[in-house]
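Observations on the three-dimensional arrangement
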Amino acid sequence: MGRPLDTADVDRLRALVTGEVFVRADAALTDEVACFNTLIQHDPDVVVGADSSDDIRLAVRFAAEKELPVYVQATGHGAFAPITEGLLITTRRMSDVVIDPASRIATIGAGASWGAVVEAAAAFGLTPITGSSTHVGAIGYTLGGGLGPLSRTYGFTSDWVRAFTLVSATGKLLRASATEHPDLFWALRGGKGGLGVVVDMDLELLPLERVYGGGLFYDAEHIEEAMRAWVDWVHTVPDTVTSSVALLRFPPINEVPENLRGRFVLHLRYAFVGPVAEGERLVAPMRRAAPAFLDLVADMPTSDIGTIHNDNEKPGPGWSRGMQLCDIDQDFVTAFLARAGGENVPFIAIEIRHIDAEQTRRAPQQSAVGGAGAPFTLVMIGVPVPELFDEVLPRTSDGIVAGILPWIADETNINFLGHVASTQQFASAWPSDAFTRLAETRTAWDPGRLFAYP
Ligand SMILES: Cc1cc2nc3c(=O)[nH]c(=O)nc-3n(C[C@H](O)[C@H](O)[C@H](O)COP(=O)(O)OP(=O)(O)OC[C@H]3O[C@@H](n4cnc5c(N)ncnc54)[C@H](O)[C@@H]3O)c2cc1C
């Protein structure tokens with residue numbers, strides 16, 4: 001716990017930075033710290049809405065002097081617990097994206113969402129290795145590794161980072177790259193938090209303008225045959241195909257398009273990099289496996305990549321639990337659908353992503369990223385009914401986990417962990433040697449643990 005701030009301290013901070021400073025009494029604080037999961041309401045001692053790297057430097061030094069833990073937030077998509085103390089740096093004002101078409105490098109500001117990067121890159125015929133949702137913050141995502149619709153082909157997004165600019169615990173501006181502070185560069189690519197405040201990152205882009213992808217939707221009566229076909233099919237496709245399946249329960253409300261409203265479906269998310277005809281040939285077995293009532297798979301500009309998963313964009317009460325799976329087979333489908341396949345199971349989405357590929361397996365040698373050793377991810381997203389969050393969703397998810405226990409991997413990835421229930425679960429987000437090396441790197445760079453991280 002830091003030293004209490006008085007009005008003079010806050011006035012001094014306001015005079016130091018060019019961005020905005022908020023304290024508890026400010027009505028605008030609530031919006032400034034809002035999270036995607038609206039049940040999480042941060043309540044830090046002070047917030048600096050940073051405008052520049054200088055603001056971040058000055059805020060970090062101020063926090064160190066006042067012994068306040070430092071937290072960082074961009075879009076709020078990754079918040080998993082309320083912040084109740086300390087100094088929170090919000091980065092949303094630092095959302096510039098600058099593209100150098102000659103080197104194919106995007107310099108991405110701390111507050112930029114993937115949507116901003118995708119749009120800026122598309123103007124030059126380029127694309128980043130994005131996540132499934134364009135609303136997620138590019139930096140927060142990449143600090144966890146990042147597995148999106150192009151991951152089997154191109155690996156973790158963190159593999160494409162060429163440098164970070166960050167503010168260290170001593171309030172210094174540094175570069176971390178393969179040649180500058182390589183230990184920090186290793187840790188920042190997948191190690192997530194407790195290492196510094198990233199000001200921007202240089203990300204290599206792909207000279208890619210189009211993908212063949214989209215969704216196939218199978219109605220409740222065809223879920224089992226489609227899922228069984230997918231589990232066999234993923235073992236046959238080349239690394240140019242990235243796919244996942246999600247059991248989706250759409251509520252019967254007007255915000256949901258009429259053709260999906262109130263339906264329980266299996267949604268295949270498909271992305272192929274290469275000629276359209278080859279993409280069509282590769283997905284044909286899934287088109288034949290069962291009748292899809294909606295077929296949205298088509299040639300598309302990479303700027304539409306967010307439509308493949310079509311993630312929910314609206315903030316609301318959230319509960320999720322994630323893990324990774326070892327190889328899955330028909331027995332897995334039987335066990336999974338027995339527990340998760342009922343119409344009334346209280347999860348709006350349960351997604352299984354196929355991530356195993358040469359490019360994803362390569363990552364551990366180069367960076368701190370976790371989860372590269374497990375071929376599938378699984379995330380359960382609960383119905384947005386807070387009364388169910390404490391008991392019903394944990395209990396139901398425990399039941400699903402118990403049913404599929406033989407397929408659950410020891411290791412996972414921090415971006416896919418969801419709600420973190422224990423220290424042991426948190427540690428499972430990295431291979432044990434990477435977890436130890438990360439802890440050592442954090443201690444070396446931040447011995448006083450200024451940057452709060454579990
Ligand atoms: C709808 C949705 C879709 C998603 N899809 C994917 C996906 O396809 N693939 C995937 O891998 N993950 C995915 N995620 C997980 C997501 O990558 C993480 O939750 C990520 O942390 C979000 O980053 P953010 O900046 O948007 O969130 P924030 O809540 O703003 O930040 C999350 C954390 O990132 C760190 N952080 C952010 N900015 C900085 C900075 N400048 N310096 C230092 N640390 C910083 C902090 O530890 C912070 O607590 C998804 C999440 C959601 C909610």
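Residues numbered from 1 in each chain as written. Predicted model: local features only at pLDDT ≥ 70, side-chain atom pairs only at ≥ 80, totals over all residues.

So, the overall build of the protein chain
Heads up, the rule is: We count a stretch as a helix when DSSP gives it H or I for four or more residues in a row; a strand needs E for two or more, and each element gets its number in order from the N terminus. Here the globule rule reads 2.2 Å times residues to the power 0.38, and the radius of gyration is calculated from C-alpha atoms. Think of it as a crowd count around each C-beta: if 20 or more other C-beta atoms lie within 10 Å the residue is buried, if 12 or fewer it is exposed, and in between it is partly exposed, with C-beta placed from the backbone throughout. Here, residues touch in the contact sense if the C-beta positions derived from the backbone fall within 7 Å of one another.
For the protein chain, the count of helices and strands is 15 helices and 17 strands. The C-alpha atoms of the protein chain give 22 Å as radius of gyration, which agrees with the globular expectation for 454 residues (22 Å, within 12%). Across the 454 residues that make up the protein chain, the buried fraction comes to 50%. Intrachain contacts of the protein chain at a sequence separation of at least 6 include 75% that bridge at least 24 residues.

Description of the pairing of strand β12 (residues 264-272)
This is how it is decided: By this definition, two strands are paired if DSSP reports at least two bridges between them.
Among the 9 residues of β12, 8 are classified as buried, and the element is accordingly described as predominantly covered. In this structure, strand β10 (residues 210-219) lies alongside β12, joined through 8 bridges in antiparallel fashion. Across the sheet, G213 pairs through a bridge with A271, a residue of β12. Here strand β11 (residues 241-249) runs beside β12; their pairing, made up of 9 bridges, is antiparallel.

Examining the environment of D96
Note that D96 resides in the loop between β4 (87-90) and β5 (97-100). What makes D96 partly exposed here is the crowd of 14 C-beta atoms within 10 Å. Once the C-alpha coordinates of D96 and A116 are considered, the two residues, 20 residues apart in sequence, prove to be 8.3 Å apart.

Some details on helix α4 (residues 114-122)
So the rule is basically this: Think of it as the arc spanned by the lines of direction from the helix axis to the C-beta atoms.
Of all the residues in α4, the buried ones are W114, V117, V118, A121 and A122. End-on, the buried residues of α4 take up no more than an arc of 125°, which puts them together on one face. The secondary structure elements touched by the buried residues of α4 are β5, β6 (105-109), α5 (138-143) and β14 (298-301).

Quick look at the sheet that holds β6
By definition, the strands of a sheet pair up through backbone hydrogen bonds, in either a parallel or an antiparallel sense. Rule in force here: Working convention: axes come from line fits to C-alpha atoms, limited for helices to the stretch in contact. Angles between N-to-C directions cover 0 to 180 degrees.
The 5 strands lie next to each other as β5-β6-β9-β7-β8, forming an open sheet whose pairing is antiparallel. At either margin of the open sheet sits one strand with a lone partner, and together these are β5 and β8 (173-177). When strand polarity is set aside, the average angle formed by the axes of neighbouring strands in this sheet is 15°. Across 5 bridges, β6 lies against strand β9 (residues 197-204) in antiparallel orientation. Of the residues in β9, the one forming a bridge with T107 is D202. Against the sheet, helix α3 (residues 53-66) engages β7 (161-167), β8 and β9, with an angle of about 50° to β7.

Regarding the pairing of β8
One face of the sheet, then the other: side chains in a regular strand alternate in exactly this way. Sheet analysis places β7 next to β8, joined by 5 bridges and oriented antiparallel. Pairing of T165 across the sheet is with R175, part of β8. Connecting β7 to the next strand, β8, in antiparallel fashion are 5 residues, including G171 with a positive phi near 80°.

Looking at the site of the ligand
Here is the rule we go by: The C-beta atom of each residue is placed using the backbone, and any residue whose C-beta lies within 6 Å of a molecule or strand is treated as near it. When residue character is reported, Ala, Val, Leu, Ile, Met, Phe, Trp, Tyr, Cys and Pro are called nonpolar, Asp, Glu, Lys and Arg charged, and the others, Gly included, polar. All the domain ranges listed were derived from an automatic or database domain assignment.
The immediate surroundings of the ligand are formed by 30 residues, with G78, G131, G137, G140 and N415 found nearest. Only β3 (70-73), α5 and β9 provide two or more residues apiece to the shell around the ligand. Looking at the shell around the ligand, the element that brings in the most residues is α5, giving 4 residues. Class assignment of the residues belonging to the shell around the ligand gives a composition of 12 nonpolar, 16 polar and 2 charged. Lining the shell around the ligand are residues from two domains, each supplying at least three of them: domain 1 (7-90) and domain 2 (97-207).

As for the sheet that holds strand β1 (residues 20-23)
Read across the sheet, 4 strands follow the order β1-β2-β4-β3 without closing on themselves; strand pairing throughout is mixed. Each end of this open sheet is capped by a strand with a single partner; those strands are β1 and β3. Averaged over all pairs of adjacent strands, the angle between strand axes in this sheet comes to 20°, irrespective of strand direction. The pairing of β1 with strand β2 (residues 46-49) spans 4 bridges and is antiparallel.

Some words on the domain arrangement of the protein chain
The domain boundaries assigned to the protein chain delineate domain 1 (7-90), domain 2 (97-207) and domain 3 (210-427). Each of domain 1 and domain 3 has a C-alpha centre, and these two points are 34 Å apart. Each partner contributes residues to the interface: domain 1 has 5 residues there, and domain 3 has 7 residues. For the side of domain 1 that touches domain 3, the per-class residue count stands at 3 nonpolar, 2 polar and no charged.

Some remarks on unusual backbone geometry
If you check the backbone angles, E67 has positive phi at about 55° while not being a glycine. With respect to the helices and strands, E67 occurs in the loop between α3 and β3. On the basis of neighbour counts, which here come to 12 C-beta atoms within 10 Å, the residue E67 falls in the exposed class. In the Ramachandran plot, N310 falls in the positive-phi region, its phi being about 55° despite a non-glycine side chain. As for its position among the elements, N310 is in the loop between α10 (306-309) and β15 (320-325). In this structure N310 comes out as partly exposed when scored by C-beta crowding, with 18 C-beta atoms within 10 Å.

A few points about the nonpolar core
Keep this limit in mind: Here, a nonpolar core denotes buried Ala, Val, Leu, Ile, Met, Phe, Trp, Tyr and Cys residues that are linked to one another through C-beta atoms within 7 Å.
One finds A59 and I89 to be the most contacted residues of the largest nonpolar core, which totals 134 residues. Dropping the residues within four chain positions of it, A59 is found in contact with V17, V48, A50, L87 and I89.

Thoughts on the packing of helix α8 (residues 223-233) against helix α11 (residues 330-340)
Counted only if it meets this: Crossing handedness follows the turn of the near helix against the far one: under a right angle anticlockwise gives a left-handed crossing, and clockwise gives a right-handed one.
At a closest axis distance of 9 Å, the pairing of α8 and α11 adopts a crossing angle of 145°. Viewed along their axes, α8 and α11 form a crossing whose handedness is right-handed. Contact with α8, carried on its side by E224, M227, R228 and V231, involves Q330, F332, V333 and L337 of α11 and no other residues of that element.

Here we look at the packing of α11 against helix α13 (residues 392-403)
How we decide: Oblique is the label for any angle not under 35 degrees, not over 145, and not in the 65 to 115 range, which are roughly parallel, roughly antiparallel and roughly perpendicular in turn.
Where α11 meets α13, the closest approach of the two axes is 8 Å, and the angle between their N-to-C directions is 165°. When the axes of α11 and α13 are compared, the pair comes out roughly antiparallel. Taken as a pair, α11 and α13 cross one another with a handedness that is right-handed. Listed contacts from α13 to A335, F336, A338, R339 and A340 of α11 are G399, I400 and G403. Taken together, the residues of the contact of α11 with α13 break down into 5 nonpolar, 2 polar and 1 charged.

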